[in-house]
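Reading the structure
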Amino acid sequence: MSGSTATTSSTVFSIRCYCGAVTLQANAAPGSFVNCRCGQCRRLSGAAFTSWASFAREAIPLSGNEPLTAFKVSDKVTRHFCRVCGSHVFTFDGRLPKILGVPAGAIEGSSLAPPSAHYFVDHKAAWYDIGVGQPRFGGESGVQPLAS
Ligand SMILES: [Zn+2]
Ligand SMILES: [Zn+2]
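Residues numbered from 1 in each chain as written. Chains lettered and ligands numbered in written order. Predicted model: local features only at pLDDT ≥ 70, side-chain atom pairs only at ≥ 80, totals over all residues.

Moving on: the overall build of the protein chain. What the protein chain contains, in helices and strands, is 1 helix and 11 strands. Going residue by residue from the N terminus, the α and β elements of the protein chain occur as β-β-β-α-β-β-β-β-β-β-β-β. Against the globule reference of 15 Å for 148 residues, the protein chain gives a C-alpha radius of gyration of 16 Å, in line with a compact fold. Sorting the 148 residues of the protein chain into buried and exposed places 28% on the buried side. Partitioning the intrachain contacts of the protein chain with sequence separation of at least 6 by distance along the chain shows that 48% fall at a separation of at least 24. (Helix = DSSP H or I, 4+ residues; strand = E, 2+ residues; numbered from the N terminus. Rg over C-alpha atoms; globule rule 2.2 N^0.38 Å. Buried ≥ 20, exposed ≤ 12 C-beta atoms within 10 Å, placed from the backbone. Contact = placed C-beta atoms within 7 Å.)

Here it is in structure tokens:
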């Protein structure tokens, strides 16, 4: 590491629960950012979708002392919530062990680019019109390319 770097390209995203008891720093931009419209994400968010920023796990250092409560939703997927205010802070999926999925609502600031795709479009809420402009994915897996 050079000590005299005047310009740095390392992007820092702050991930924070509502009450502030959990504050994490991502030292790199998310590898992907999508809106997932599956039934689980709709129920998780209470909205038409959850916006997921997928960060490399190593980009978000965890001390292990964060006041988080883990909730195992399946044998592979564990969601982590602030123990104080209940905010969903990140989800770990054992099928993608190098990734942490962060609900974008917990990311501070405005440096995140807009989501690049819609997943699980076949499962979308009937009352929400996606509109045009972003690639759509669906089918049984939720991530097969669909015609827009
Ligand atoms: Zn909190
Ligand atoms: Zn989903």
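Moving on, we get to the environment of Ala 117. Its place among the elements puts Ala 117 in strand E9 (residues 117-119). Expressed as a C-alpha distance, the spacing of Ala 117 and Tyr 18, which sit 99 residues apart in the sequence, is 26 Å. Not counting chain neighbours up to four residues away, the residues in contact with Ala 117 comprise Val 34, Gln 134, Pro 135 and Phe 137.

For the rest of this paragraph, the subject is the environment of Ala 125. In this fold, Ala 125 is placed in the loop between E9 and strand E10 (136-138). Once the C-alpha coordinates of Ala 125 and Arg 42 are considered, the two residues, 83 residues apart in sequence, prove to be 8.0 Å apart. With residues near it in sequence (within four places) discarded, Ala 125 still touches Arg 42 and Ala 48.

These values are about where atoms sit, not about what they do.
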